[in-house]
Amino acid sequence: MFNRKMLRLGEERSAIRELYEYGLARKKIVGEENVFDFSIGNPSAPPPACLTETLRRLIDEVPPELLHGYTSAPGAYDVREAVANYIRTQFGVPMSATLVYMTCGASASLMCTFQAILSEGEGEEVLVPAPFFPEYSVFVAQAGGVLVPVPTDARFHLDLAAIARAITPKTRVVLLNSPNNPTGAVYAKEELAALGQLLRKASAERRSPIFLVADEPYRELTYGEAPVYPMSVYENTVVCYSFSKSMTLAGERIGYVAVSPRCEGADELFSAVCGAGRALGFVCAPALFQKTVKHCLGAPAPVEVYRANRDLLYASLSDMGYTCSVPEGAFYLFMQALEPDARAFCERAKAFELLLVPSDSFGVGGYVRISYCVARSVIERSLPAFRALMESYRGARKN
Ligand code: PLP
């Protein structure tokens, strides 16, 4: 009676959302402070001061009829100009307002981009280093493409030989997410430059471009060097950006697509992005937040809050005997489960009120994702539970 694909998507919630809902219910039963919810990437750090100040000022100073109305479909032109100017000056690459499309966050940016690039029914492939953000499977399938996971190296960085092997005549997109959810990896300049070379060569050989789609909601959340801007290493690049994480704005739904002017057919590609936004019914990105972020581009992200969380969690879990890779960015710790079946491990963790996401939906087995964008007190209070979980496995081994 109803669309079967949509019904299935609606009925089988993502593993992350499922666990988040479980946590909400569990908190009602055992008390908020007794559940250690590391499920969802909902930022907890205060947004930059600029954001709250600008919101207040806009509400006080701009007449509501001018503040809340529709903007142009791709976004208010002055906002697009400000974003283009920011990209040009911050990253030293060409960009024009006419290639910036304001969206409802990274999800919408990705959906518009995939729909713009992929042709339905052709089985066109999107390569993605695994592990990867689970919603990619939904977005790519909905745009008519096929998501092809490609293994990464031992540190979850790019395995260029594996990417080269995975390229076929049907490859249209390589999708990168750095800083990465769920591993915290931040790809180095050299590896991105090498990827650029590889894609340039492969595109030339088949005489049609392979696009690099860079999903960048964590760009400002890095603990080392600032990540290289992908448009500076490869011409056929589309950046899908979101203010959700860097500005603690996840619920307000604001981001953008920026098409590199060096892309083959950049203007047409941009028009297709606009067409996709229209077909998806986005109309325009939230007007109040377009106007707000315009004044806060480049405002410092609360990276130190997450660095302190990372340091505490990584050091404590390593001390207890867990094996984790050190996150270089974002706010996720990727940790080896204490048994091969990560789902079984996460079920056991629930008995200690620890909500961890099994890695299976990220495209690899045997790990869990710990989302540490929580209040520091949650991490502090959770440590005895992590210890008890470890002890429960040690005890089981002895018996
Ligand atoms: N891409 C990645 C890698 C993410 O982690 C997320 C959210 O967690 C998104 C996209 C979606 O971001 P948004 O909330 O801006 O749609």
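Anything mentioned here points back to the structure above.
Heads up: these notes are all about the structure in this document.

## Notes on helix α11 (residues 287-294)
And then number 1: Among the eight residues that make up α11, seven are buried, leaving the element largely enclosed by the rest of the structure.
And then number 2: Along α11, the positions that sit buried rather than exposed are A287, L288, F289, Q290, K291, T292 and V293.
And then number 3: Residues of α11 that are buried in the fold lie against α3 (49-61), α4 (64-67), α5 (77-91) and β2 (100-103).

## A look at the state of the cysteines
And then number 1: Tallying each qualifying case throughout the model produces one disulfide.
And then number 2: In this model C50 forms its disulfide with C296; the gap between the sulfur atoms is 2.4 Å. Taking the torsion about the S-S bond as the criterion, the C50 to C296 disulfide, at about -90 degrees, is left-handed. Here the residue C50 occupies a position in helix α3, and C296 occupies one in the loop between α11 and α12 (303-320), the gap between them amounting to 246 residues.
And then number 3: On the accessibility criterion, C296 (1% relative accessible area) is buried.
And then number 4: The structure places no disulfide on C112, whose sulfur is separated from the nearest cysteine sulfur, that of C104, by 8.4 Å.
And then number 5: In this structure C112 comes out as buried when scored by relative accessible area, which is 0%.
And then number 6: Free cysteine: C240, not disulfide-bonded; nearest cysteine sulfur from C112 at 8.6 Å.

## Observations concerning the sheet that holds strand β9 (residues 332-336)
And then number 1: In space, the three strands of this open sheet follow the order β9-β12-β11, with antiparallel pairing throughout. Only two strands of the sheet have a single partner each, and these edge strands are β9 and β11 (357-358).
And then number 2: Contacts from α12 reach β9 and β12 (367-371), with the element oriented near 10 degrees to β9.

## Let's talk about the layout of surface pockets
And then number 1: Of the volumes computed, that of the largest pocket is approximately 830 Å³.
And then number 2: Lining the largest pocket are 33 residues, with R17, S107, F133, E135 and R253 positioned closest to its centre.
And then number 3: Sorting elements by how many residues they give to the lining of the largest pocket places helix α6 (residues 105-117) first, with five residues.
And then number 4: Two domains each donate at least three residues to the lining of the largest pocket, and these are domain 1 (4-48 + 301-398) and domain 2 (49-294).

Conventions adopted
- Residues numbered from 1 in each chain as written.
- Predicted model: local features only at pLDDT ≥ 70, side-chain atom pairs only at ≥ 80, totals over all residues.
- Heavy atoms only, no water.
- Buried < 20%, exposed > 50% of the residue type's maximum accessible area, 1.4 Å probe, protein only.
- Helix = DSSP H or I, 4+ residues; strand = E, 2+ residues; numbered from the N terminus.
- Contact = heavy atoms within 4.5 Å.
- Disulfide = S-S within 2.5 Å.
- Pairing = 2+ DSSP bridges.
- Axes fitted to C-alpha atoms, helices over the stretch in contact; angles between N-to-C directions.
- 1 Å grid on protein atoms, 1.4 Å probe; cavity = no way out; pocket = protein on both sides within 12 Å on 5 of 7 lines; lining within 4 Å.
- Points joined across faces, edges and corners; volume = space filled by probe spheres on them.
- Domains from an automatic or database assignment.

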